[in-house]
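Okay, here's what each chain looks like letter by letter:
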Amino acid sequence: MRPVAISVDAPDVSENLRQKAGYTFTFLSDPQTEVIRRYDLLHKGAGVDGHDISRPAEFLVDRSGIVRWESLTDDFRVRPPARQSLAPARSIPQ
């Protein structure tokens, strides 16, 4: 299992944030919000200058593409504690 972040930001902006924060996982760019819309995460007009952004969300997806756990919020500062996502992650067959 590996984490992946998806953002509406351009690839260079996402990469800069990744490096600045010291994250070692993959950041993907979705400026056309194609994937964000598929997961029903579009937060229209909530970004800077009224730009569309993604709602904060976390998903655990197994190898076959089945969503096994999710956490959705409207506030990027609200995140579940790691233990809350680790328990379902441990139950996903490898």
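Look above for the structure.
Keep in mind that this is a model prediction, so the values were computed, not measured. Residue numbers restart at each chain and count upward from 1, following the sequence in its written direction. In keeping with the predicted nature of the model, local features appear solely for residues at pLDDT of at least 70, side-chain atom pairs appear and are counted solely at 80 or more, and the whole-chain, interface and lining totals rest on all residues. The basis for every side-chain value is the complete set of non-hydrogen atoms in the structure, without hydrogens or water.

A. The arrangement of the overall build of the protein in detail. Numbered from the N terminus, helices here are DSSP runs of H or I no shorter than four residues, and strands are runs of E no shorter than two. A tally of helices and strands in the protein yields three helices and six strands. Ordered by position from the N terminus, the helices and strands of the protein form the series β-α-β-α-β-β-β-β-α. In terms of its C-alpha atoms, the protein occupies a principal-axis envelope of roughly 40 × 25 × 25 Å. Taken across its 94 residues, the protein has 24% of its residues classed as buried. In the protein, of all internal contacts separated by at least 6 residues, the share reaching a separation of at least 24 is 22%. Note on areas: these come from Shrake-Rupley sampling with a 1.4 Å probe, and a residue is covered only by the protein chains present in the view. Accessible area of the protein: about 7100 Å², with a carbon and sulfur share of 51%. Averaging the coordinates of the 13 positive side-chain charges in the protein and doing the same for the 13 negative ones gives two points 7 Å apart. Working definition: with a 1.4 Å probe on protein chains only, accessible area under 20% of the residue-type maximum means buried, over 50% means exposed, and in between means partly exposed. For this analysis, residues touch if any pair of their heavy atoms sits within 4.5 Å. Charge counting follows a simple rule: Lys and Arg are positive, Asp and Glu are negative, and His as well as the terminal groups are ignored. Here the site of a charge means NZ on Lys, CZ on Arg, CG on Asp, or CD on Glu.

B. Spatial organisation of the layout of surface pockets. Taken as a whole, the largest pocket encloses approximately 1800 Å³ of empty space. Each cavity reported here is a set of points on a 1 Å grid over the protein atoms alone in which a 1.4 Å probe fits but cannot get out, each pocket an open set with protein on both sides within 12 Å along at least five of seven lines, and each lining residue one with an atom within 4 Å of a point. Around the largest pocket, the lining comprises 50 residues; the ones closest to its centre are Val4, Ala5, Ile6, Ala57 and Glu58. Where the lining of the largest pocket is concerned, the elements lending two or more residues are strand E1 (4-7), helix H1 (11-21), strand E2 (26-29), helix H2 (34-38), strand E4 (53-54), strand E5 (57-61) and helix H3 (82-90). We call Asp, Glu, Lys and Arg charged. Ala, Val, Leu, Ile, Met, Phe, Trp, Tyr, Cys and Pro are nonpolar, and the rest, Gly among them, are polar. When the residues that make up the lining of the largest pocket are grouped by side-chain class, the tally is 32 nonpolar, eight polar and ten charged. Grid points are joined across faces, edges and corners, and a volume is the space filled by probe spheres set on the points.

These results come straight from atomic positions and should not be treated as a statement about function.
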